[in-house]
Every structure is written in C-alpha cells, then in structure tokens.
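If you want the building blocks of each chain, they are given just below.
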Amino acid sequence: MPTELTILAWGAVLLFVHIVAAVQAKTRQYGVTWNMGARDEAVAPPSPVVGRLERARDNFLETLPIAIIALLGVVVAGKTSETTALGGWLWLGARAVYLPLYGFGVPKVRTLVWMASILGLILAIKPLLVG
C-alpha cells in the first residue's frame with residue numbers, strides 16, 4: 001500500500017482526536033447533561049481552552065481536504081515518491097504537534113508548526129501541478 005494512503009488513514013485518526021479533545025473540553029465546561037441533550041439552550045461563551053480546541057479542529061478541517069486531494073491524487077496519478085511521502089508525513093506530524101500547542105495557547109511556535117504543515121502539503125501536491 002502506498003505510504004500516502006497510510007498517512008491519510010492516520011490523518012483520519014488525528015481528526016477523531018481533534019473532535020474528541022474539543023468535545024471533552026466542552027463537556028467539562030457545560031456538563032454531561034448538556035452533552036447528552038439537544039443542546040438547544042443558551043450557554044455561556046466557551047472557555048479559552050474550549051475555544052482554542054474548537055479552532056484547532058476547524059483549522060485541521062481546513063487543511064484535511066487539501067491533504068486528501070494531494071495524497072490521494074498522487075496515488076491515483078502514479079506520482080508517489082519519497083518527496084510526496086515526506087510531504088505527507090510533514091503535514092501529519094506538524095498537525096499532530098499543532099493541536100497541543102494551540103490547546104495550551106502557545107503563540108508563534110504554533111504558527112511555525114502550521115507553516116511546516118503547509119510546506120508538507122506543497123511537497124505532496126507539487127507533482128500534480130507541475131508534472
């Protein structure tokens with residue numbers, strides 16, 4: 001199996017981690033009854049940690065489709081290489097590090113890690129764009 005598909009599978013696991021982290025933090029704030037209910041009632045604004053974890057999840061969801069297109073695209077096009085695999089691992093590793101950095105509110109380093117993930121996406125998608 002191409003490495004790029006393995007990376008996508010781990011990307012799905014990381015998405016699940018993002019979802020669970022945000023929901024668990026929100027449940028700690030609002031309670032299990034709220035979580036198990038219809039969630040129609042007005043609630044207090046989210047705590048800073050809940051807000052950061054939700055934004056980290058949303059940010060991951062913004063790059064995940066690009067990763068899917070890039071990594072699946074090179075597999076379908078027969079253009080996988082060490083560089084596309086490296087790009088995929090760079091994207092995935094940086095995204096895994098990004099979650100706790102954002103959750104703990106670490107500035108600047110978080111942005112550098114995000115930039116590393118974007119570099120990974122560029123490495124992965126480049127063969128589809130330039131031949």
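If you're wondering where the values come from, they're calculated on a predicted model, not measured in any experiment. (Residues numbered from 1 in each chain as written. Predicted model: local features only at pLDDT ≥ 70, side-chain atom pairs only at ≥ 80, totals over all residues. Heavy atoms only, no water.)

Asker: I tried to follow unusual backbone geometry on my own but got confused; where do I start?
Answerer: Peptide bonds are, in most cases, trans, and in most cases residues other than glycine have a negative phi. Positive phi outside glycine occurs at Arg-39, with the angle close to 60°. Looking at the element boundaries, Arg-39 is found in the loop between helix H2 (32–36) and helix H3 (48–76). The phi angle at Lys-108 is positive, at roughly 60°, despite the residue not being glycine. Position of Lys-108 relative to the elements: it lies in the loop between helix H4 (82–103) and helix H5 (109–130). (Helix = DSSP H or I, 4+ residues; strand = E, 2+ residues; numbered from the N terminus.)

Asker: Got a minute to help me understand a nonpolar patch on the surface in this structure?
Answerer: Taken together, the side chains of Trp-10, Val-13, Val-17 and Trp-89 present a nonpolar region at the surface, about 380 Å² in accessible area. Within the secondary structure, Val-17 sits in helix H1 (residues 3–30). (Patch = residues over 30% accessible without salt bridge, like charges linked within 9 Å, V, L, I, M, F, W, Y side chains within 5 Å. Areas by Shrake-Rupley, 256 points an atom, 1.4 Å probe, with all protein chains shown as cover. Salt bridge = Lys/Arg side-chain N within 4 Å of Asp/Glu carboxyl O.)

Asker: Could you clarify how one ought to interpret H3 in this entry?
Answerer: The α-helix winds at 3.6 residues per turn, so residues separated by three or four positions along the chain end up facing the same way. The end-to-end C-alpha separation of H3 is 42 Å, in line with the 42 Å expected for 29 residues at 1.5 Å each. Where H3 bends most, at Thr-63, the angle is about 25°, and the proline Pro-65 comes one to four residues later. Phi for Gly-78, located one or two positions after H3, is positive at around 70°. (Expected span 1.5 Å × (residues − 1). Bend = angle between axes of the 7 residues up to and from the residue.)

Asker: Can you walk me through H5 in this structure?
Answerer: Taking 1.5 Å of rise per residue, the 22 residues of H5 would be expected to cover 32 Å, and the 31 Å separating its terminal C-alpha atoms lies within 8% of that figure. Ala-124 marks where H5 bends most, by close to 40°; the proline Pro-127 follows one to four residues later. For H5, the set of buried residues is Val-113, Ser-117, Gly-120, Leu-121, Ala-124 and Pro-127. On its buried side, H5 packs onto H3 and H4. Downstream of H5 by one or two residues, Gly-131 has phi in the positive range, about 95°. (Buried < 20%, exposed > 50% of the residue type's maximum accessible area, 1.4 Å probe, protein only. Contact = heavy atoms within 4.5 Å.)

Asker: How do you make sense of the packing of aromatic side chains when you look at a structure like this?
Answerer: The description of two aromatic rings rests on the distance between their centres and on the angle between their planes. Per the counting criterion, the structure on display carries three aromatic pairs. When the centroid spacing of 5.7 Å and the interplanar angle of 20° are considered together, the rings of Phe-60 and Trp-91 count as stacked. Note that Phe-60 is positioned in helix H3 and Trp-91 in helix H4, a separation of 31 residues in sequence. Taking the relative accessible area as the measure of exposure, Trp-91 reaches 1% and is therefore buried. For the ring pair Tyr-98 and Tyr-102, a centre distance of 5.6 Å and an interplane angle of 90° mean the geometry is edge-to-face. A residue pair is termed a helical-turn pair when its members lie 3 or 4 positions apart in one helix, as Tyr-98 and Tyr-102 do in helix H4 at four residues. Of the two residues examined, Tyr-98 and Tyr-102, each falls in the buried class. Over the aromatic face of Tyr-98 sits the side chain of Arg-95, whose NZ or CZ is 4.4 Å from the ring centroid. (Phe/Tyr/Trp six-rings, centres within 6.5 Å; stacked < 30°, edge-to-face > 60°. Lys NZ or Arg CZ within 6 Å of the ring centre and 35° of its normal.)

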